[in-house]
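Architecture at a glance
Residues per chain, in single letters:
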Protein chains: 4
Amino acid sequence: MSPKPNVSEMRTKQIIEAAIAVFAKKGFARATMEDVANEVSINKATIYNYFDGKDALILAVAGEILSRELGDLQAACDMPGTATERLNAFYETLTVKEADVLFLMPILYEFYALGLRRDDVRTILADFLSQSVSRLEAIIQAGVEDGEFGPVDARKAAQALTALIDGIVLQWIYTSEKVDINVQLRYSIQFVLQGLVNYKEEAA
Amino acid sequence: MSPKPNVSEMRTKQIIEAAIAVFAKKGFARATMEDVANEVSINKATIYNYFDGKDALILAVAGEILSRELGDLQAACDMPGTATERLNAFYETLTVKEADVLFLMPILYEFYALGLRRDDVRTILADFLSQSVSRLEAIIQAGVEDGEFGPVDARKAAQALTALIDGIVLQWIYTSEKVDINVQLRYSIQFVLQGLVNYKEEAA
Amino acid sequence: MSPKPNVSEMRTKQIIEAAIAVFAKKGFARATMEDVANEVSINKATIYNYFDGKDALILAVAGEILSRELGDLQAACDMPGTATERLNAFYETLTVKEADVLFLMPILYEFYALGLRRDDVRTILADFLSQSVSRLEAIIQAGVEDGEFGPVDARKAAQALTALIDGIVLQWIYTSEKVDINVQLRYSIQFVLQGLVNYKEEAA
Amino acid sequence: MSPKPNVSEMRTKQIIEAAIAVFAKKGFARATMEDVANEVSINKATIYNYFDGKDALILAVAGEILSRELGDLQAACDMPGTATERLNAFYETLTVKEADVLFLMPILYEFYALGLRRDDVRTILADFLSQSVSRLEAIIQAGVEDGEFGPVDARKAAQALTALIDGIVLQWIYTSEKVDINVQLRYSIQFVLQGLVNYKEEAA
DNA sequence: GATGAATGAGGTTTCATTCAT
DNA sequence: TATGAATGAAACCTCATTCAT
């Protein structure tokens, strides 16, 4: 792929890490290759030994960030406990890692914008979103099978839950009323969980 | 505001319209002032008679787009009918104007990213989000007062609903499974509406 | 074509002139756009208002130089007098404009090399060479018809004469024995002219 | 010379060979040391064990190519037979090795251009041209002494012949009328040979 | 002798912005 | 108000070259 073979993996990771920091702070367009290089204390040109160019670096950053996010979700999946407990565990990681999440949001939204113009970015994002839903779906499905939830369509419910969380994060970031993210998130999700539990075939 | 006084308003609007088209297609960074000028068939330099520069133009575009979106929501608010009917009416405008929404999403996400770095953009976005919630809150509050919904916290419910819609739009854009946005949207919102109706003080 | 419309022709010519000087001195590769700009005392970026890039500039220079050379040849064609006189007139311009010719040779040879790799350059060169031959052919043909020369194949003879001149210029430039170009040129061409005059169907 | 002593000669030759291929294809400026290295499947840095740098490599390539060309000419000189036969033999090698000649022309013309700017290249080229003429001169002189040719100035005639061949090759490469090089070459040279034979003190 | 890695020094090109007309 | 022309400031990227191993 983008990182060339035969080249130190450590350096590759350093560069990606630096790029994340720089991109988050300045945005893709204003961040320069030199900014990134300075962050690692290497020469600008060295980056080109590891990535084909700025676009490739951006793509690598996208891959890294999204796989991290997925990792958090996967961790929640892998926990023991009831479906409800596992869902709660997941959104709690969000609030616990509040600083990290906030830090990455500018990049994430740029990816969302960029993905609508670059196919390579779009692919990686579509895959990420799809997998996010699948993770939640697995948990919900387990809850349905255990009788913990009503007989909901697990995939649709997972999509709704994913959407809800994404939307809440956006509000959280932009809301001036310094709402406690924890409270709002808990409230909203309970709302849906309650729907899951009480579900009685009413929805389309 | 940004547009200077005493200057043809029509020209100002033309430029904003052109900028929307160009920004949507190329993104803020890659779109050039010349691109915008060409779209209006005027000279690049002329734009500077109407806007202080690219940043000001971007801000003006943000204002325009967001006020349009709010307009749609306001229209739903102003409709006659029950709360449920009005909520349904709103999300149906989304699906009806599908093409427009899709077209503007790249810009919108860039705004979300940009707002985290530019205070003027942030202000306008925060205001937009806050007002979006308020519009929905008004409807929900009416529903609560009419006994159509349970005794929910109307603001929190509105926030949840707003978040849900934003999140679904994201999925819609990126999901490869060519889910019918209509179906998914309807399903998810029913989910919440059902929660509103059956609400019984359980949530935090 | 390359020079954009609506833009001062004088400036375009200035730039080409400057480019000729710079390219001749440094070669295409080592000459920078900034060198050219400095020669005209304008900003580097301004060149891009007149030419699409370095390649386009090189092509424009090729066109300019070759059309000048053709002009010299055409002038000889248009002279009054016998075929022999006109041929003599032509090669005398070479020696008269010795300094100019020497000055342009580095560029010309780079064109010959470049034309083997770039189709646009090749086209312009092939056309130039073909027209050079045609000009001489016209003179020779006139000489044949006037009985001044024997019944030679005018085109082939013109090709031979063109080749001879090109080759002599090369020797002239590189020969260390500071041969008088005038003498050598005269000798060689007389050699061919004599062949033209005495021609008796012997060649293949 | 350029290649450092005490170093595998085979490697040196490999590199020169690779450089010829790469330079011919891309030109001196666009060809990179890495291109050359890749062609030999060695590391870029290794080349610096054999040559002082790119300029030295170019010079070595010049030496190699020119000495090959001279070799062809020398072979014709060394043949048995009359002067005319030997001259014919020489130009026939040109047509026989058509592919090779065509392949090397881009390099050769770049040398001609480069030699006007670099003294080391100029020296090697001047020497080559001078020796080329000398080889032909020897043949012609023999022809004169044998009474095969008229009492021409052998050196001047050799210069004319050399020039003619160089010029024809140029036409050959660039001419769009897909002239058979063989025919044109034969015609032109016969033209001169005929002049040699019939020579009667008429030229300057 | 060979190479993976790094870099310094540009070079081309782009563009927001200015300004005289 | 409109614009043709110009420009300063970068940004991306390339590459010959060096050096420790």
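Keep in mind it's a predicted model, so treat the numbers as computed, not measured.

Cut-offs used in this document
Residues numbered from 1 in each chain as written. Chains lettered and ligands numbered in written order. Predicted model: local features only at pLDDT ≥ 70, side-chain atom pairs only at ≥ 80, totals over all residues. Heavy atoms only, no water. Helix = DSSP H or I, 4+ residues; strand = E, 2+ residues; numbered from the N terminus. Buried < 20%, exposed > 50% of the residue type's maximum accessible area, 1.4 Å probe, protein only. Areas by Shrake-Rupley, 256 points an atom, 1.4 Å probe, with all protein chains shown as cover. Lys, Arg positive; Asp, Glu negative; His and termini not counted. Charge placed at Lys NZ, Arg CZ, Asp CG, Glu CD. Salt bridge = Lys/Arg side-chain N within 4 Å of Asp/Glu carboxyl O. Least-squares fit on C-alpha atoms with pLDDT ≥ 70 in both. Contact = heavy atoms within 4.5 Å. Expected span 1.5 Å × (residues − 1). Bend = angle between axes of the 7 residues up to and from the residue. Buried area = accessible area lost by both parts, 1.4 Å probe. Polar contact = N/O pair within 3.5 Å; in protein donor to acceptor, adjacent residues only side chain to side chain. Nonpolar A, V, L, I, M, F, W, Y, C, P; charged D, E, K, R; others polar. Axes fitted to C-alpha atoms, helices over the stretch in contact; angles between N-to-C directions. Parallel < 35°, antiparallel > 145°, perpendicular 65-115°, else oblique. Domains from an automatic or database assignment. Left-handed = near helix turned anticlockwise from the far one by under 90°. Phe/Tyr/Trp six-rings, centres within 6.5 Å; stacked < 30°, edge-to-face > 60°. pLDDT = per-residue confidence, 0-100.

1. Thoughts on the overall build of chain A
Across its full length, chain A holds nine helices and zero strands. When the helices and strands of chain A are listed from N to C terminus, the series reads α-α-α-α-α-α-α-α-α. By its C-alpha atoms, chain A is 60 × 40 × 30 Å across when sized along the principal axes. Within chain A, the fraction of its 204 residues that count as buried is 53%. Surface accessibility of chain A: about 8900 Å² in total, with carbon and sulfur atoms responsible for 51%. Between the centroid of the 20 positive side chains of chain A and the centroid of its 29 negative side chains there is a distance of 8 Å.

2. Notes on the pattern of salt bridges
Going through the model one piece at a time under the given rule, you end up with 43 salt bridges over all chains. In this structure, Arg117(C) and Glu110(D) form a salt bridge, with 3.3 Å as the shortest nitrogen-oxygen distance. With Arg117(C) in the loop between helix H6 (98-114) and helix H7 (119-145) and Glu110(D) in helix H5 (residues 98-115), this residue pair bridges two chains. Given the relative accessible area of 25%, Arg117(C) is considered partly exposed. For Glu110(D), a relative accessible area of 11% gives the class buried.

3. Concerning the relation of the copies chain C and chain D
When chain C is brought onto chain D, the operation consists of a screw motion whose angular component is 180° and whose axial shift is 0.0 Å, with 0.1 Å RMSD remaining. Both chain copies can therefore be described as sitting about a two-fold axis. Both copies present the same face, since 100% of the interface residues in chain C are matched by interface residues at the equivalent positions in chain D.

4. Here's the deal with the relation of the copies chain B and chain A
Least-squares fitting of chain B to chain A yields an RMSD of 0.1 Å, with the superposition described by an axial translation of 0.0 Å and a rotation of 180°. Counting the interface residues of chain B, we find that 100% of their copies in chain A are interface residues as well, pointing to one common contact surface.

5. Structural notes on helix H6 (residues 98-115) of chain B
Residue and element names in this part refer to chain B. With 18 residues, H6 should reach 26 Å at 1.5 Å per residue; the first-to-last C-alpha distance of 25 Å fits that figure. Of all the bends in H6, the largest measures some 40° and sits at Met105, one to four residues before the proline Pro106. By the criterion of burial, H6 is predominantly enclosed, with 13 of the 18 residues buried.

6. Some points on the arrangement of the chains
A minimum C-alpha distance of 21 Å separates chain A and chain C, which share no contact. Chain B makes no contact with chain C; the smallest distance between any of their C-alpha atoms is 13 Å.

7. Description of the interface of chain C and chain D
Counting from both sides, the interface comprises 60 residues of chain C and, opposite them, 60 residues of chain D. Around 4900 Å² of area is buried between chain C and chain D when both sides are counted, 64% of it from carbon and sulfur atoms. Counting the contacts that link chain C with chain D gives four salt bridges. Inspection of the region where chain C meets chain D yields 16 residue pairs in polar contact (both at pLDDT 80 or more). Counting only elements with at least two residues in the side of chain C that touches chain D, the list comes to helix H1 (9-30), H6, H7, helix H8 (154-174) and helix H9 (181-198) of chain C. With 15 residues, H8(C) is the single largest residue contributor to the side of chain C that touches chain D. Its residues assigned to classes, the side of chain C that touches chain D shows 33 nonpolar, 12 polar and 15 charged.

8. Remarks on the packing of H6(C) against H8(C)
Residues and elements named next belong to chain C. The interhelical angle for the contact between H6 and H8, taken along N-to-C directions, is 100°, at an axis separation of 11 Å. Between H6 and H8, the angle falls in the class roughly perpendicular. Residues Glu98, Val101, Leu102, Met105 and Tyr109 of H6 touch H8, and the partners they reach there are Asp166, Val169, Leu170, Trp172 and Ile173. Across the contact of H6 with H8, the residue classes break down as eight nonpolar, no polar and two charged.

9. Side note on the environment of Glu110(A)
Between the C-alpha atom of Glu110(A) and that of Ile140(A), which follows or precedes it by 30 residues, the distance is 30 Å. For Glu110(A), the residues in contact, after removing those within four places along its chain, are Gly27(A), Phe28(A), Ala29(A), Ala113(B) and Arg117(B).

10. Some thoughts on unusual backbone geometry
Residues and elements named next belong to chain A. With phi around 60°, Ser41 is a residue other than glycine that occupies positive phi space. Looking at where Ser41 falls in the secondary structure, it is placed in the loop between helix H2 (33-40) and helix H3 (44-50). When its relative accessible area of 66% is taken as the criterion, Ser41 is described as exposed.

11. Examining helix H7 (residues 154-174) of chain D
Residue and element names in this part refer to chain D. The end-to-end C-alpha distance of H7, which contains 21 residues, comes to 30 Å, matching closely the 30 Å that a straight helix rising 1.5 Å per residue would cover. Among the 21 residues of H7, 19 are classified as buried, and the element is accordingly described as predominantly covered. Sitting at the amino-terminal end of H7 is Asp153, which places a side-chain oxygen 3.0 Å from the backbone nitrogen of Arg155.

12. Description of the domain arrangement of chain A
Residue and element names in this part refer to chain A. As assigned here, chain A comprises domain 1 (1-52) and domain 2 (65-198). Opposite the eight residues of domain 1 that make contact, domain 2 presents nine residues. Each partner contributes to the roughly 660 Å² buried at the junction of domain 1 and domain 2, and carbon and sulfur atoms together form 70% of this total. The interface formed by domain 1 and domain 2 includes one salt bridge. Along the contact surface separating domain 1 from domain 2 lie two residue pairs in polar contact (both at pLDDT 80 or more). In the side of domain 1 that touches domain 2, the residues fall into six nonpolar, one polar and one charged.

13. Details of the environment of Leu196(B)
Residues and elements named next belong to chain B. Tracing the backbone shows Leu196 in helix H9 (residues 181-198). Judged by its relative accessible area of 0%, Leu196 is buried. The spatial distance from the C-alpha of Leu196 to the C-alpha of Ser8 is 49 Å, given a sequence separation of 188 residues.

14. Examining the packing of helix H6 (residues 98-115) of chain A against helix H7 (residues 119-145) of chain A
Residue and element names in this part refer to chain A. Where H6 meets H7, the closest approach of the two axes is 8 Å, and the angle between their N-to-C directions is 120°. In terms of axis orientation, H6 runs oblique to H7. For the pair H6 and H7, the crossing hand works out as left-handed. Taken together, the residues of H7 that come into contact with H6 (itself represented by Phe111, Tyr112, Leu114 and Gly115) are Val121, Arg122, Leu125, Phe128 and Leu129. Residue classes in the contact of H6 with H7 are distributed as seven nonpolar, one polar and one charged.

15. Focus on the interface of chain B and chain A
Counting residues at the interface gives 59 residues for chain B and 60 residues for chain A. Interface area, chain B with chain A, both sides summed: about 4900 Å², of which 64% is carbon and sulfur. When residues of chain B are sorted by the area they lose upon contact with chain A, Tyr174(B), Tyr187(B) and Phe191(B) head the list and together hold 18% of the total. Linking chain B with chain A are four salt bridges, by the criterion used here. Arg30(B) serves as the salt-bridge partner of Asp55(A), at 3.9 Å between the closest nitrogen and oxygen. The interface formed by chain B and chain A holds 16 residue pairs in polar contact (both at pLDDT 80 or more) in total. Looking at which element gives the most residues to the side of chain B that touches chain A, the answer is helix H8 (residues 154-174) of chain B, with 15 residues. In terms of residue class, the side of chain B that touches chain A is made up of 32 nonpolar, 12 polar and 15 charged.

16. Regarding the environment of Gln184(D)
All names here are of chain D. Among the structural elements, Gln184 can be located in helix H8 (residues 181-198). Given a relative accessible area of 4%, Gln184 falls into the buried group. For the pair Gln184 and Ser134, spaced 50 residues apart in sequence, the C-alpha to C-alpha distance is 24 Å.

17. Regarding the packing of aromatic side chains
In the structure shown here, the tally under the stated rule is 22 aromatic pairs over all chains. Here the aromatic rings of Phe28(A) and Phe111(A) are separated by 5.1 Å at their centres, their planes lie at 50°, and the arrangement is tilted. Of the two residues, Phe28(A) sits in helix H1 (residues 9-30) while Phe111(A) sits in helix H6, which places them 83 residues apart along the sequence. For Phe111(A), a relative accessible area of 0% translates into the label buried. Chaining the aromatic ring pairs together yields one cluster made of Tyr109(A), Tyr112(A), Tyr174(A), Tyr109(B), Tyr112(B) and Tyr174(B).

18. Let's talk about the confidence of the model for chain A
Per-residue confidence for chain A averages 86 on the pLDDT scale, and 91% of its residues sit at or above 70. The least confident element of chain A, judged by mean pLDDT, is helix H9 (residues 181-198) of chain A at 74; the most confident is H2(A) at 97.

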